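If you want the building blocks of each chain, they are given just below.
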Amino acid sequence: MKRHFLKSIAAAAVAVSSFALPTFAAAADITGAGATFPYPMYAKWAEVYKKETGVGLNYQSIGSSGGIKQIRAKTVTFGASDAPLSGADLDKDGLVQFPAIIGGTVPVINLEGFKPGELRVSGTVLADMFLGKITKWNDAKLVALNPGKKLPDQSITIVHRADGSGTTFNWTDYLSAVSKDWADKVGKGAAVKWPAESSVGGKGNEGVAANVNRVKGALGYVEYAYVKKNNMNYMQLQNKEGKFVAPDDSTFSAAAAGVDWNSAPGMGVSMVDAKGANSWPVTTASFILMYKNPEDKVASQEAIKFFGWAFKSGKKLATELEYVPLPDAVTAQIQSKVWSQIK
């Protein structure tokens, strides 16, 4: 089969979520750009925050790589990335970094005759599917993981991100952790060369979700809020303890329970393939990037106020969207040790 990349069809507007302000409040407007992973959460927080304070947030859901570029270009108040920057990069750019929300990335499928979560997959078999080594849904390895299920003789089409993506970074980090073959041939990164012959690119989590729902036999990966929003089918995933688990806030919380946020510069820890019988294997945080010495100090302080409100008053909203809010001890550390560095 010839390798083919189709142009993505995004069902939702990827680029901009804008919450317009009255003219008198324009100076207080907050701008951000980056990761699509947390976009549903930031949009909901912004909606409620605007009603309560009159201050708006204009967040461009353009992917983590785009968010890093925009904060480095100083065109936004904050950048958002699911792939944390290294300590060296933070120091070089004069940035601080902190986690804002925790969620999970999920293998999603378009396969008729099965309910969401009915089919199971292991990490190694999932990697073989994304490698293009397993090309049919009735492959013997999938059949063995799903006894009693009549899997179809249908080709698998891989749907992946077409843009630089923190979701891709975390997804390929997981595949590298569970598959030496993937680690050796592809590795991890915000953008990689996808090896499967039958593959489709999509821009943002939105674009991947749209293409998975469009292409029969598709297999892709999106943040769980997009699964819920688009009524998508997904697979249970075998975790490090050998247990098959479904994605939800409880399995994301289990994976995040033992995180040592001080173990990496900028709190940029990985929760991929975490220990724990109930842990979801691809649980990740999404991070915020801000300048220590920002050009627009008023806007930066408004952004800090926004995230301070979100950490305190936005927890219920986060849970409703199947994200995991940060524990109070973590947000207290962010306020005292990270925000104190911003002038």
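All figures in this text were calculated on a predicted structure; none of them were measured in a lab. (Residues numbered from 1 in each chain as written. Predicted model: local features only at pLDDT ≥ 70, side-chain atom pairs only at ≥ 80, totals over all residues. Heavy atoms only, no water.)

Taken together, the three strands give an open sheet; going across it, the order is β6-β11-β12, and neighbouring strands pair in mixed fashion. If you trace the sheet from one side to the other, it starts and ends with β6 (120–121) and β12 (244–245), each paired once. (Pairing = 2+ DSSP bridges. Helix = DSSP H or I, 4+ residues; strand = E, 2+ residues; numbered from the N terminus.)

This part is about the pairing of strand β8 (residues 199–202). Taking every second residue as pointing to the same face, both faces of β8 are buried, with S199 and G201 on one and V200 and G202 on the other. Relative to β8, strand β7 (residues 157–161) runs parallel, the two being bridged by four bridges. Bridge pairing in β8 places H160 opposite G201. (Buried < 20%, exposed > 50% of the residue type's maximum accessible area, 1.4 Å probe, protein only.)

Attention now goes to the environment of L237. Mapped onto the secondary structure, L237 falls in strand β11 (residues 236–238). Overall, L237 belongs to the buried group, its relative accessible area being 0%. L237 sits 45 residues away from V282 along the chain, and the two C-alpha atoms are 9.2 Å apart. Here L237 is in contact with V121, S122, G123, L126, Y174, K243, F244, V245, W280, P281 and V282, once residues within four sequence places are set aside. (Contact = heavy atoms within 4.5 Å.)

Our next topic: the nonpolar core. Residues W45, F98, F130, L219, W261 and F307 are the most contacted members of the largest nonpolar core, which totals 99 residues. Sequence-distant contacts of F98, that is, excluding residues within four places in its chain, are made with G266, M267, S286, F287, I288, M290, F307, F311, I334, V338 and W339. Core analysis: the second largest hydrophobic core is formed by nine residues, A33, I71, L90 and L289 among them. (Core = buried A, V, L, I, M, F, W, Y, C linked by side-chain atoms within 4.5 Å.)

Let us now look at helix α11 (residues 297–313). Three- or four-residue spacings in an α-helix give side chains the same orientation, since the helix completes a turn every 3.6 residues. Between the first and last C-alpha of α11 there are 24 Å, a value that for 17 residues agrees with the 24 Å anticipated at 1.5 Å per step. Within α11, burial applies to A299, S300, E302, A303, I304, F306, F307, G308, W309, A310 and F311. A side-chain oxygen of the first residue of α11 lies 3.3 Å from the backbone nitrogen of V298; this N-cap is D296. (Expected span 1.5 Å × (residues − 1). Polar contact = N/O pair within 3.5 Å; in protein donor to acceptor, adjacent residues only side chain to side chain.)

The subject of this paragraph is the pattern of salt bridges. In the structure shown here, the tally under the stated rule is 19 salt bridges. In this structure, E47 engages K44 in a salt bridge whose closest nitrogen and oxygen atoms are separated by 3.3 Å. Here K44 and E47 lie together in helix α1 (residues 39–53), a separation of three residues that amounts to about one turn. Residue class for K44 comes out partly exposed when judged on its relative accessible area of 29%. We note a salt bridge from D173 to K188, for which the minimum N-O separation is 3.6 Å. One end of the pair, D173, is in helix α6 (residues 166–178); the other, K188, is in the loop between α7 (180–185) and β8, with 15 residues separating them in the sequence. Among the residues examined, D173 registers a relative accessible area of 11% and is labelled buried. Each of D128, K133, K141, D181 and K185 takes part in salt bridges that share partners, so that together they form one network. (Salt bridge = Lys/Arg side-chain N within 4 Å of Asp/Glu carboxyl O.)

Here we take up the confidence of the model for the chain. With 92% of its residues at a pLDDT of 70 or more, the chain has an overall mean of 91. Low pLDDT, under 50, characterises residues 1–27; the stretch is placed with 67 contacts to residues that sit more than four places away or in other chains. (pLDDT = per-residue confidence, 0-100.)

The buried fraction of strand β9 (residues 218–223) is high, at six of six residues. Covered by surrounding structure in β9 are A218, G220 and V222 together with L219, Y221 and E223, the residues of both alternating faces. Here five bridges tie strand β5 (residues 95–109) to β9, and the two strands are oriented antiparallel to one another. Along β9, the bridge assignment pairs I109 with L219.

Okay, helix α10 (residues 249–256) next. All of the buried residues in α10 are T251, F252, A255 and A256. For α10, the angular spread of the buried residues around the axis is 140 degrees, confining them to a single face. (Arc of directions from axis to C-beta.)

Moving on: the packing of α1 against α11. Two elements in contact, α1 and α11, have axes whose closest approach is 11 Å; the angle formed by their N-to-C orientations is 105 degrees. Between α1 and α11, the crossing angle belongs to the class labelled roughly perpendicular. Contacts between α1 and α11 involve Y42, W45, A46, V48, Y49 and E52 on the former and, on the latter, E302, K305, F306, F307, W309 and A310. Of the residues contributing to the contact of α1 with α11, the split by class is nine nonpolar, no polar and three charged. (Axes fitted to C-alpha atoms, helices over the stretch in contact; angles between N-to-C directions. Parallel < 35°, antiparallel > 145°, perpendicular 65-115°, else oblique. Nonpolar A, V, L, I, M, F, W, Y, C, P; charged D, E, K, R; others polar.)

Before going further, it helps to spend a moment on the packing of helix α4 (residues 123–131) against α6. Between two packed helices, both the angle of their axes relative to each other and the distance between the axes serve to describe the pair. Following both chains from N to C, one finds α4 and α6 inclined at 120 degrees, their axes separated by 9 Å at the closest point. Seen from above, α4 lies across α6 with left-handed handedness. On the side of α4, the interface is formed by G123, T124, L126, A127 and F130, while α6 contributes W171, Y174, L175 and V178. (Left-handed = near helix turned anticlockwise from the far one by under 90°.)

Right, let's talk about the layout of surface pockets for a bit. One number sums up the size of the largest pocket: a volume of about 170 Å³. Grouping the constituent residues of the lining of the largest pocket by class yields four nonpolar, four polar and three charged. (1 Å grid on protein atoms, 1.4 Å probe; cavity = no way out; pocket = protein on both sides within 12 Å on 5 of 7 lines; lining within 4 Å. Points joined across faces, edges and corners; volume = space filled by probe spheres on them.)

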